[in-house]
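Below are the chains, spelled out letter by letter.
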Amino acid sequence: MSISQVITDFTTLAIQSGGWMEMDRLYVQNRLLHLIGEEELTQTSIRPVEVDSLTLLDQLLQQAIENGVIEDSLTEKEQLTGQIMDYLTPPPSVINAFFAQHYAKSPEEATNYFYQLSKNNDYIKTRDIAKNIVFPVNTPYGSLEITINLSKPEKDPKAIAAARHAKATNYPKCMLCMENEGYQGRANYPARTNHRIIRMNLDGESWGFQYSPYAYYNEHCIILAEEHRPMKIDRATFNRLLRIVEVLPHYFVGSNADLPIVGGSILTHDHYQGGRHTFPMEKAPIEKNIALTNHPKVQAGIVKWPMSVIRLQSENKVALVEAACEILEKWREYSDPSVQVVAKSDDGTLHHTITPIARRKNDLYELDLVLRDNNTSVEYPDGIFHPHQEVHHIKKENIGLIEVMGLAVLPPRLKTELKEVEKYLLDQENAIADYHFNWANQIKAKHQLTEENVQSVVQEEVGKVFTEVLEHAGVFKRTAEGQQAFQRFLDTL
């Protein structure tokens with residue numbers, strides 16, 4: 001196919017996306033010509049397009065490289081991709097209007113529209129996400145989900161060097177700010193030309209709804225405050241989360257905790273994460289009912305989970321928020337030194353917060369409240385309720401919202417490291433990392449290993465380590481002592 005036909009076909013898809021009319025065809029084609037360094041359009045035909053937008057994008061990028069418009073580098077290809085795919089993406093006002101039209105029929109139809117568009121225009125990096133290694137592991141808490149995250153490509157040396165010398169700027173303020181919409185990008189900041197945000201009004205305040213470029217699960221979305229302000233868990237948080245699942249009842253939504261160590265990677269911008277995925281924690285049953293004295297309209301119970309989770313359900317949203325607020329307020333002030341649970345330092349620093357997750361269950365609203373504590377000690381300088389040293393060879397990063405719910409996001413180094421562990425287990429020549437050595441010997445002692453089963457055995461053992469990671473993050477341990485301590489806290493409710 002000639003490059004002119006590629007441009008013509010791409011323009012046809014751009015018109016079909018709703019941002020352009022047939023009258024705009026020549027204009028779009030000429031802009032694409034310029035972007036890839038071509039000077040003329042040869043004879044082509046307007047026809048049904050039988051290939052997807054990403055296939056056409058690859059051909060346009062390759063032509064731009066051959067024409068010397070860009071170098072074959074990740075950063076330059078990323079920026080040109082954003083510019084090209086911007087023509088496949090209607091302006092924000094148009095997308096918001098289309099979203100509203102679809103929403104009038106059903107919330108599901110609206111998110112289907114926006115999700116498909118975000119994949120078609122390569123904002124959601126579907127091909128990179130497909131590189132992730134994903135497998136389930138059965139545990140006493142149900143089937144956990146393990147992901148070795150390979151989706152974010154590593155920067156090339158030229159891009160790293162350029163980023164060091166890039167001009168310092170505070171725009172956009174962070175990766176989640178609304179001013180990212182349409183931003184060209186630079187050496188030390190990703191291109192967002194094809195990025196769009198759906199505006200949401202949450203109790204009179206302006207918020208945005210977008211998808212995550214490197215999604216960890218189905219329809220992984222981010223709901224962000226228009227104002228750049230720190231994360232905060234409070235009454236307004238519970239109200240917003242329940243309002244969001246009213247607006248998008250087929251999605252869950254949750255918030256990272258608002259303290260270091262137990263919080264997510266971005267604490268500087270108030271935001272939530274949601275999507276269309278049933279996490280292992282949602283499937284976990286209630287193992288003990290709780291009677292909340294002050295909240296008779298709310299059903300409550302302890303979830304069978306490695307972390308300390310209180311599940312609330314009610315048809316009455318106001319009653320649910322009141323119960324959640326009481327639990328948060330009591331937890332913020334609660335200490336039990338016998339199990340290293342300390343609410344405040346001597347200097348008044350707070351250490352207790354909650355990771356909340358909201359869902360709709362037919363007529364019921366559901367809130368899972370995960371108790372978090374970010375204290376450190378001499379024995380556990382990274383965090384008492386953080387992955388301990390013995391599991392750092394698999395996971396040492398913060399346990400945020402996604403991990404809390406039972407989906408492990410593990411570092412890309414494990415792709416090659418686990419292959420070396422497998423070789424070691426089979427007594428083959430290997431380059432096993434020193435920090436995997438003790439773990440590998442434990443696996444050897446427990447299993448009869450063969451070429452056929454070694455990968456599944458290693459994956460199973462990775463799942464066991466992740467289970468241990470979650471148990472480390474649990475405030476009240478699943479021991480007789482820990483559960484008695486949990487009951488002492490529940491008694492305050």
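These figures come from a predicted structure and were not determined experimentally.

Help me get a handle on the overall build of the protein, residues and values and all.
The helix and strand inventory of the protein stands at 16 helices and 13 strands. Expected size for 493 residues packed as a compact globule is a radius of gyration near 23 Å; at 25 Å, the protein falls within 12% of this value. Taken along its principal axes, the extent of the C-alpha atoms in the protein is 80 × 65 × 45 Å. The proportion of buried residues among the 493 residues of the protein is 54%. For the protein, the proportion of contacts with a sequence separation of at least 24, taken over those separated by at least 6, is 63%.

How would you explain the sheet that holds strand β12 (residues 364-373) if you had to name every residue and give the values?
Across the sheet, which stays open at both edges, the 10 strands sit in the order β3-β4-β5-β7-β6-β11-β12-β10-β9-β8 with antiparallel pairing between neighbours. One side of each edge strand has no neighbouring strand; the edge strands of this open sheet are β3 (198-202) and β8 (286-290). For this sheet the average axis-to-axis angle between neighbouring strands, irrespective of direction, equals 25 degrees. Two elements, strand β9 (residues 299-303) and strand β10 (residues 309-314), share 4 bridges in a ladder whose sense is antiparallel. From the neighbouring strand, A300 faces β10, where its bridge partner is L312. Contacts from helix α16 (residues 480-491) reach β8, β9, β10 and β12 within the one sheet, and its direction differs from that of β10 by about 40 degrees.

Account for helix α11 (residues 317-333), with residues named and values stated.
With 17 residues, α11 should cover 24 Å at 1.5 Å per step; its first-to-last C-alpha distance of 25 Å lies within 8% of that length. Buried within α11 we find A319, L320, V321, A323, A324, C325, E326, I327, L328 and W331. Structurally, the start of α11 carries an N-cap: the backbone nitrogen of V318 is 3.0 Å from a side-chain oxygen of N316.

Any chance you could break down the domain arrangement of the protein for me, citing the residues and the numbers?
Per the domain assignment, the segments of the protein are domain 1 (3-119), domain 2 (216-385 + 485-491) and domain 3 (412-473). When each unit is reduced to the centre of its C-alpha atoms, the spacing between domain 2 and domain 3 is 33 Å. Listed as interface residues are 5 residues of domain 2 and, on the opposing side, 5 residues of domain 3. Among the residues of domain 2 in contact with domain 3, P306, M307 and F385 are the three that bury the most area, contributing 83% of the side total. Taken together, the connections running from domain 2 to domain 3 amount to 0 salt bridges. Our count for the contact surface shared by domain 2 and domain 3 stands at 0 residue pairs in polar contact (both at pLDDT 80 or more). Here the residues of the side of domain 2 that touches domain 3 sort into 5 nonpolar, no polar and no charged.

Residues and numbers for the layout of surface pockets, please.
In this structure, the second largest pocket encloses a volume near 390 Å³. Along the wall of the second largest pocket there are 16 residues; nearest its centre are L74, T81, D122, R127 and D128. For the lining of the second largest pocket, the elements supplying multiple residues, two or more each, are α3 (53-66), α4 (74-86) and α7 (126-129). No other element matches the 5 residues that α3 contributes to the lining of the second largest pocket. When its residues are assigned to classes, the lining of the second largest pocket shows 6 nonpolar, 2 polar and 8 charged.

Each value, and the rule that gives it
Along every chain, residues carry numbers that run from 1 in the direction the sequence is written. In keeping with the predicted nature of the model, local features appear solely for residues at pLDDT of at least 70, side-chain atom pairs appear and are counted solely at 80 or more, and the whole-chain, interface and lining totals rest on all residues. The basis for every side-chain value is the complete set of heavy atoms in the structure, and neither hydrogens nor water enter the calculation. Counting from the N terminus, the helices are DSSP H or I runs at least four residues long and the strands are E runs at least two residues long. Put simply, the radius of gyration uses C-alpha atoms, and a globule should come to 2.2 Å times the residue count raised to 0.38. Under the scheme applied here, a residue whose accessible area is under 20% of the maximum for its type counts as buried, over 50% as exposed, and between as partly exposed, the area being computed with a 1.4 Å probe on protein chains only. Working rule for contacts: check all heavy atoms of both residues, and any pair within 4.5 Å makes them a contact. Pairing between two strands requires that DSSP report at least two bridges joining them. Every angle, taken between N-to-C directions, lies between 0 and 180 degrees, and every axis is a line fitted to C-alpha atoms, over only the stretch in contact when it is a helix. Expected span of a helix: the number of residues minus one, times 1.5 Å. Any pair of nitrogen or oxygen atoms within 3.5 Å is treated as a polar contact; in protein, a donor-acceptor pairing is required on top of that, and neighbouring residues in sequence qualify only through side-chain atoms on both sides. Domain limits in this description derive from either an automatic procedure or a database domain assignment. Buried area: the accessible surface (1.4 Å probe) lost by two parts on joining, summed over both. Should a side-chain nitrogen of Lys or Arg be within 4 Å of a carboxyl oxygen of Asp or Glu, the pair is scored as a salt bridge. Polar here means any residue other than Ala, Val, Leu, Ile, Met, Phe, Trp, Tyr, Cys and Pro, which are nonpolar, and Asp, Glu, Lys and Arg, which are charged; Gly is therefore polar. With a 1 Å grid spanning the protein atoms alone, the term cavity applies to any set of points in which a 1.4 Å probe fits but cannot get out, the term pocket to an open set with protein on both sides within 12 Å along at least five of seven lines, and the term lining residue to any residue with an atom within 4 Å of a point. Grid points are joined across faces, edges and corners, and a volume is the space filled by probe spheres set on the points.

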